[in-house]
Amino acid sequence: MKVKNKISAGSTVFDVVNYALMILVAVLCLLPILNVLAVSLSSSTMAAAGVVKLWPVEFTLSSYRYAFRQPQFLRSFLISVERVFIGLAVNMIFTILAAYPLSKTKAEFPCRNVASWFFFVPMIFSGGLVPWFLVVNETHLLNTIWALILPGAVPVFNVIILLNFFRQLPKELSESAFIDGAGHWTVLFRIYLPLSVPALATLVLFVAVGHWNSWFDGLILMQDPKNYPLQTYLQSLIVSTNVEALQHATKEQLQMLSQISDRTLKDSQIFIAAVPILAVYPFLQKYFMKGLVLGSVKG
C-alpha cells in the first residue's frame, strides 16, 4: 500500500513539473508573436523608441492599411495560395507513390535497395545552387508557378516518415486483401491510406508550411516581380519601401508612410503571412505528434 502511495505521489509530482514546463515553453513561444502583433499595431514613434512590449502603444492600423493597399499584395497572396494547393497535391501524390513500394520487403520489391539509393543520395548530396538554376532554366520553367513546385516534387524526408508508417501497419491486412483478389492500388487506397491519416496530416502540415514560408526560390526563379509569391514580395517590399514608395506614392500614401516605419510594416507583414498557418494548424495539431512518432525512423 505504501509503495502504491509513493508511486502515486511520484506520478503527481512528475505531472505537475511536466505541465509547468509545457506551460513555460508555450508562453515562450507565444510572447514573440504577441510582441510582433503589438509592434505592428503601434505608431512608428513608439516602435522606434522600443517601448512596445506585449500591448500596442498609440494604437494604429496604418501599417496594415498600407500593406493591403499595395496593388501587388493581393496578387502575391493568391500566387502563394495557388502554390500551396498545387504543391501540396504534387508533393503528397509523389510521396505516397514513392513510400508504398519502398515500404515493402526486398522479397516483395527486389529493386527496393536501388530505388532507395536513388532517392536518398540526392537528399544527402545537393547539386548546388547553380546546377539547380540551370536545370530549371533549361526546362523552361523560369517565371512560372511550376518552377516553385517541380524541383521539390519528391520531399525525401516525408517519404521516409510515410514509408516507416506503412511498415508498421499489420501485414495481415494486405495479405488478406491480396488473397481476396485485391491489387496494390486497392490495398494502397482502401487500406494503407485510411489507416495513415495521422502521418498524412503531419506531412500535409510540413508541406503547406514549407511552401507558404518559402521565399528564396521565388526571388531566384521569378524574373518578373509580378510573379513573386507572398513571402518573396514581402521581403522585396521591406528592402524597397524607402525608395520606390516615395517615388510613386500619392499624397494619401505619403501621409500614411509618415505614420509607419520599416519595423511596424515588417511586423504587420510577418503577422499577415503567419495568419493562414495559425488558422490551419489547430485542425491538424491532434494528428501532428501521433503521426510524427509513429512514422519515425526505426532503430
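This structure is a prediction, so every number in the text was calculated from the model and none was measured. Each chain carries its own residue numbering, running from 1 in the direction its sequence is written. A pLDDT threshold of at least 70 governs which residues receive local features in this predicted model, and a stricter bar of 80 or more applies before side-chain atom pairs are shown or counted, although totals over entire chains, interfaces and linings include all residues. Hydrogen atoms and water are omitted, and side-chain values are computed over all heavy atoms in the structure.

Structural notes on the overall build of the protein
We count a stretch as a helix when DSSP gives it H or I for four or more residues in a row; a strand needs E for two or more, and each element gets its number in order from the N terminus. Scanning the protein from terminus to terminus reveals 14 helices and zero strands. Looking at the protein as a whole, 38% of its 299 residues are labelled buried. By the convention used here, residues are in contact when the closest approach between their heavy atoms is within 4.5 Å. Contacts in the protein between residues far apart in sequence, at least 24 positions, make up 72% of those at least 6 positions apart. Values of accessible area rely on a 1.4 Å probe in the Shrake-Rupley scheme; residue burial ignores everything except the protein chains shown. Accessible surface, the protein: about 17900 Å² in total, of which carbon and sulfur atoms supply 70%. Accessibility here uses a 1.4 Å probe with only protein chains present; expressed as a share of the type maximum, an area under 20% marks a residue as buried, one over 50% as exposed, and anything in between as partly exposed.

Notes on the pattern of salt bridges
Salt bridge criterion: a side-chain nitrogen from Lys or Arg within 4 Å of a carboxyl oxygen from Asp or Glu. Tallied over the entire structure, the rule returns one salt bridge. For R83, the salt bridge is made with D217, and the minimal N-O distance between the two is 2.6 Å. Placement of R83 in helix α4 (residues 71-102) and of D217 in helix α11 (residues 216-221) is noted, with a sequence separation of 134 residues between them.

Observations concerning the environment of Q269
Looking at the secondary structure, you find Q269 in helix α14 (residues 262-294). Its relative accessible area of 1% is what places Q269 among the buried residues.

Topic: the side chain of N91
Position of N91 among the secondary structure elements: in helix α4. Exposure remark for N91: the relative accessible area of 3% places this residue in the buried category. Not counting residues up to four positions away in its chain, the partners in contact with N91 are G152, A153, V154, P155, V207 and H211.

Points about the packing of helix α5 (residues 112-124) against helix α7 (residues 156-167)
Two numbers describe how α5 lies on α7: the axes approach to 9 Å, and their chain directions differ by 145 degrees. Note on element contacts: α7 touches α5 through V156, F157, I160, L163 and R167, opposite R112, F119, F120 and M123. Counted by class, the contact of α5 with α7 contains seven nonpolar, no polar and two charged residues. Between the N-to-C directions of two axes lies an angle of 0 to 180 degrees, each axis being a line fitted to C-alpha atoms and, for a helix, fitted only over the stretch in contact. Under the convention adopted here, Pro, Cys and the residues Ala, Val, Leu, Ile, Met, Phe, Trp and Tyr are nonpolar, Asp, Glu, Lys and Arg are charged, and Gly plus all remaining residues are polar.

Things to note about the packing of aromatic side chains
Two aromatic rings from Phe, Tyr or Trp, using only the six-membered ring of Trp, form a pair when their centres are within 6.5 Å; if the ring planes differ by under 30 degrees the pair is stacked, by over 60 it is edge-to-face, and anything between is tilted. On inspection of all chains with the given rule, the structure shows seven aromatic pairs. Taking 5.6 Å as the distance between ring centres and 85 degrees as the angle between the ring planes, the aromatic pair formed by F77 and W212 counts as edge-to-face. Note that F77 is positioned in helix α4 and W212 in helix α10 (residues 197-213), a separation of 135 residues in sequence. Overall, the relative accessible area of 5% leaves W212 in the buried class. When the centroid spacing of 5.2 Å and the interplanar angle of 75 degrees are considered together, the rings of Y100 and Y192 count as edge-to-face.

Quick word on unusual backbone geometry
If you check the backbone angles, H140 has positive phi at about 60 degrees while not being a glycine. With relative accessibility at 69%, the residue H140 sits in the exposed group. Unlike most non-glycine residues, N143 shows phi in positive territory, near 70 degrees. Using a relative accessible area of 25% as the deciding quantity, one classes N143 as partly exposed.

Some details on the side chain of K104
By the secondary structure assignment, K104 is in the loop between α4 and α5. Neither His nor the chain termini are counted; the positive set is Lys and Arg, and the negative set is Asp and Glu. Although buried, K104 forms no salt bridge, and the nearest oppositely charged side chain, E108, lies 4.9 Å from it. Contacts described as polar in this section are N or O atom pairs within 3.5 Å, which, within protein, must combine one atom able to donate a hydrogen with one able to accept it, while residues neighboring in sequence count only if both atoms come from side chains. Within the structure, K104 has its side chain in polar contact with the side chain of Y100 (distance 3.4 Å). Setting aside its immediate chain neighbours within four residues, K104 contacts F109, R112 and Y192.

Overview of the confidence of the model for the protein
In low-pLDDT regions, the fine details of the predicted coordinates are not to be read closely. Looking at the protein as a whole, its pLDDT mean stands at 81, while 83% of the residues score no less than 70. Here helix α13 (residues 251-257) stands out as the element of the protein with the lowest mean pLDDT, 56, in contrast to α4, whose mean of 92 is the highest. In this model residues 295-299 is a low-confidence stretch, pLDDT under 50, and it forms 11 contacts with partners more than four residues away in sequence or in other chains. The pLDDT value tells you how sure the predictor is about a given residue, anywhere from 0 up to 100.

Looking at the packing of α4 against α10
Axis separation between α4 and α10 bottoms out at 9 Å; the angle between their running directions is 140 degrees. Comparing the axis directions of α4 and α10 gives the class oblique. Seen along the crossing, α4 lies across α10 with a hand that is right-handed. On α10, the residues touching F77, S80, V81, R83, V84, G87, L88, N91, M92, T95 and I96 of α4 are L200, L203, V204, V207, A208, H211 and W212. In terms of residue class, the contact of α4 with α10 is built from 12 nonpolar, five polar and one charged. An angle below 35 degrees is treated as roughly parallel, one above 145 as roughly antiparallel, one from 65 to 115 as roughly perpendicular, and anything else as oblique. Crossing handedness is read from the near helix: turned anticlockwise from the far helix by less than a right angle, it gives a left-handed crossing, and turned clockwise, a right-handed one.

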